[in-house]
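In case you want the letters, here they are:
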Amino acid sequence: MKKTFKALKFPAAFLFLLTSFVACDKEFTELDSAVLGKDNANFDTGLYEIPIVAYNKKLESVQVNNLASYLLGVFNDPAYGQTTASIVTQVTPSSYDPDFGDNPEITSVVLTIPYYSRINNYDEDGNAEYTIQDSLFGDYTGTVKPFKLSIYKNDYFLRDFDPFADADGDTTQKYYSYPDGSSDNVAYNGSSTINFDNLKGELIFEDESVEPSSDVIITVTDVGTDDELTTRSAPAFKVELDPEFWKNLIIEKEGESELSNANNFNNYFRGLFFKAEAVDDDGSMVMLDMSSTEANIVINYSYDSTIVDETIEGTYTLSFTGNTLNTFVNKITEVTLADGDETNGDEELYLKGSGNSMAVVDLFENDEAKKDFLDSFRIPSGDNYEKDEDGNYILNRLVNDAQLVIYEDEVMQAFPDDSNGNNYSHFNRIYAYDVNNSQSTIDYDFDPIESDTDPFNSKLISQGQRVGDENGNYKYKIRLTEHLNNILVNDSTNTKIGLVLSTNVNYITNAKIADSDDEDVTNVPAASVITPRGTVLYGSNESVDQEKKIKLKVFYTEPNK
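In this report, the structure presented in the accompanying data block is examined. In this numbering scheme, every chain counts its residues from 1 along its sequence in written order. Totals for whole chains, interfaces and linings use every residue, but because this is a predicted model, local features are given only for residues with pLDDT of at least 70 and side-chain atom pairs only at 80 or more, for both listing and counting. Hydrogen atoms and water are omitted, and side-chain values are computed over all heavy atoms in the structure.

## A few points about the environment of Glu313
Following the sequence through the fold, Glu313 ends up in strand E21 (residues 311–319). The buried label goes to any residue with under 20% of its type's maximum accessible area, the exposed label to any with over 50%, and the partly exposed label to all in between, with areas taken from a 1.4 Å probe on protein chains only. The exposure class of Glu313 is exposed, given its relative accessible area of 68%. Separated by 12 residues in the primary sequence, Glu313 and Tyr301 place their C-alpha atoms 5.8 Å from one another. Contact criterion: two residues are considered in contact whenever any of their non-hydrogen atoms come within 4.5 Å of each other. Excluding residues that lie within four positions of it along the chain, Glu313 makes contacts with Tyr301, Ser302 and Tyr303. Elements are defined by DSSP. Helices are runs of H or I of four residues or more, strands are runs of E of two residues or more, and each kind is numbered from the N terminus.

## A word on the packing of helix H5 (residues 367–377) against helix H7 (residues 481–490)
Helix axes are fitted to C-alpha atoms over the stretch in contact, other axes to C-alpha atoms as well, and angles between N-to-C directions run from 0 to 180 degrees. Contact pair H5 / H7: the axes reach a minimum separation of 11 Å and the direction vectors enclose 80°. By the angle class used here, H5 and H7 are roughly perpendicular. Contacts from Lys370, Phe373, Leu374 and Phe377 of H5 reach H7 at Leu484, Ile487 and Leu488. With respect to orientation, any angle under 35 degrees is reported as roughly parallel, any angle over 145 as roughly antiparallel, any angle of 65 to 115 as roughly perpendicular, and every other angle as oblique.

## Examining the pairing of strand E35 (residues 534–538)
Looking along a regular strand, one sees side chains alternate from face to face of the sheet. Counted residue by residue, E35 has five buried out of five residues, so it is predominantly covered. Taking every second residue as pointing to the same face, both faces of E35 are buried, with Gly534, Val536 and Tyr538 on one and Thr535 and Leu537 on the other. Sheet topology places strand E23 (residues 348–352) next to E35; five bridges connect them, and they run antiparallel. Counterpart to Glu348 in the pairing with E35 is Tyr538. DSSP-based pairing: two strands are paired if at least 2 bridges between them are found.

## Describing the sheet that holds strand E30 (residues 467–468)
The five strands are arranged E1-E36-E27-E31-E30 in an open sheet whose pairing can be described as antiparallel. Edge positions in the open sheet fall to strand E1 (43–50) and E30, since each of these has one partner strand only. Where strand E27 (residues 398–407) and strand E31 (residues 474–479) come together, five bridges link them in antiparallel fashion. Opposite Ile406, over in E31, you have Tyr476 as the bridge partner. Where H5 meets the sheet, its contacts fall on E1, E27 and strand E36 (551–559), and the angle it forms with E1 comes to roughly 175°. H7 rests against E1, E27, E31 and E36 of the sheet, and its axis sits at about 125° to E27.

## Here we look at the packing of aromatic side chains
Any Phe, Tyr or Trp ring, taking Trp's six-membered ring, that has another such ring centre within 6.5 Å forms a pair; planes under 30 degrees apart are called stacked, those over 60 apart edge-to-face, and the others tilted. For the structure on display, the rule yields 26 aromatic pairs. Arranged with centres 5.4 Å apart and planes meeting at 90°, the rings of Phe100 and Tyr301 form a pair that is edge-to-face. Of this pair, Phe100 sits in the loop between strand E5 (92–93) and strand E6 (105–114) while Tyr301 sits in strand E20 (residues 296–304), and the two are 201 residues apart along the sequence. In terms of burial, Phe100 and Tyr301 fall into one category: buried. Centre to centre, the rings of Phe373 and Phe377 are 4.8 Å apart; their planes meet at 45°, and the pair counts as tilted. You can see Phe373 and its partner Phe377 sitting in helix H5, four residues apart, about one turn around the helix. Overall, Phe373 belongs to the buried group, its relative accessible area being 0%. Three or more aromatic residues link up through ring pairs in this structure, and these residues are Tyr48, Phe364, Phe373, Phe377 and Tyr556. Over the ring of Tyr152 we find Lys200, and its NZ or CZ is 5.4 Å from the ring centre. Here the guanidinium or amino end of Lys459 rests over the ring plane of Tyr444, the centre of that ring lying 4.5 Å away. Throughout this description, the term charge over a ring refers to an Arg CZ or Lys NZ atom that lies within 6 Å of the ring centre and within 35 degrees of the ring normal.

## Here's the deal with H5
Those residues of H5 not exposed but buried are Ala369, Phe373, Leu374 and Phe377. All buried residues of H5 lie within an arc of 135° about the axis, which places them on one face of the element. Structural note: H5 exposes Asp367 and Glu368 on the side pointing more than 90 degrees away from its buried face. Of the surrounding secondary structure, the elements contacted by the buried residues of H5 are E1, strand E26 (384–385), E27, H7 and E36. The term polar contact refers here to a pair of N or O atoms within 3.5 Å; inside protein, the definition further demands a hydrogen-donor-capable atom paired with an acceptor-capable atom, and it admits residues adjacent in sequence only when both atoms are side-chain atoms. In this structure Asn366 caps H5, since a side-chain oxygen of it lies 3.2 Å from the backbone nitrogen of Glu368. As used here, the arc belongs to the directions running from the helix axis to the C-beta atoms.

## Concerning H7
Side chains of residues three or four places apart in an α-helix project in the same direction, reflecting 3.6 residues per turn. Of all the 10 residues making up H7, eight are buried; the element is thus mostly covered by neighbouring parts of the structure. Taken as a whole, H7 has its buried residues at Thr481, Glu482, His483, Leu484, Asn485, Ile487, Leu488 and Val489.

## What about the side chain of Ser177?
Relative to the helices and strands, Ser177 is located in strand E11 (residues 176–177). Filtering out sequence-adjacent residues up to four positions away, Ser177 remains in contact with Glu60, Ser61, Val62, Val64 and Tyr188.

## Considering the environment of Asn66
Here Asn66 is to be found in the loop between strand E2 (53–58) and strand E3 (70–77). Accessibility expressed as a relative area gives 47% for Asn66, which makes it partly exposed. For the pair Asn66 and Asp401, spaced 335 residues apart in sequence, the C-alpha separation works out to 37 Å. In contact with Asn66, other than residues within four places in its own chain, are Thr172, Thr324 and Tyr507.

Here it is, written out as structure tokens:
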């Protein structure tokens, strides 16, 4: 009697969990004893390697607005070069047509933008202590170095809708990075370039030495009175701004059309340009939570009371809920980024954040490789393969575990450990996604290991962490078990996997690629945009050492013939 595996008779999620938990840190050859038993007379296990092609994809212009977070500062990547990130943002008043009372006088203007932080300790008084290491990019030894920050009035109008977009599609205005090779902060709106350095207005704030800190923010109010209050807040970029600018911009416009509604205000005051610059060709970069309710500009003022010689205090708040975008100035000096060899594959794969470079893996190097795979796992029937009553292909081999094994290039191991003893690449994660559909893989969706508070330890089954072996080699394992099953059983044509560097595998929103000339790669995971880091991996070119070449290993079970 012919022994086969009928499609979908085992719940896919169950099989994924079973094989993943048993094989998470083992090669699948151990599963025959763990699951089937060494002497099982009905089944055999085996390994099938699919010949693949992995090549580089240079990213020219990627979407840099509508991101979950924004980068600010300077980062020197030892494997690539320097990236400088600046921010352009609208500001949104808490109310329109304000009444500031009689004789208003500004007492202070405070700008606050929280860092991403988490509590890592408590002091002897029970007060929380924080770390911002998850969102701070210092030099590769972990040292925090200063960068220069200038905040200008922005004179470019950030529109909400793209007048050139297809009316039947998404008309939301998108802004893209624009790597023109200059040191200017330039973006692209789909039809023209925008040089924000040429469109900046009055200088509002300047600090020659900004060092992101994990120190708590201590605020004391009503000093010297019975109502004196001290509050402690999570780490943030917090500075006082010049009251005179805001008096002329806001207070003096009371009752005027400029403050009457959102449209008028956004055209009148087009926002702020946070320009970062290196200090002695170095610096640090930090991720800012611009969407936080604590991210704002607060204008504190007083006005006359109806009681003689008394004043009343008031506040007017502007938040960053409007259009916001990053600009990147990338000086890639250590490598040359270019589109790779789609036929023979590349020797090295360059994954560089901030919209620079990714890799594409074609799961079958050619049509013959795909046919050989299908022939090995499906049951032939004439010129095609056997199907069940639901139209799904019947398998004679069950894919238990499929691993895309990716070795890190030795160049990444040449950099010193940081102050905590961690290798430069220790916290790097590779996010693998379905290029054809611009979405996460089925294996990612089935992966039960999730942590919203600790992304480094999230999705460990489908998107394996960087691990080393006894020989000092480092590799990543990406699981594609259900992805391959979908090809085998349902004849899926999703045969290309994109690889990007990510520091948060939970963030899987897409960033569009402008004017893409690649019909497959039209989006890139936005997580790769909001990290400046990069890594170098070994590819599939025949010149790569066979032991370190990227591989797609398929561990299977088949009935004894």
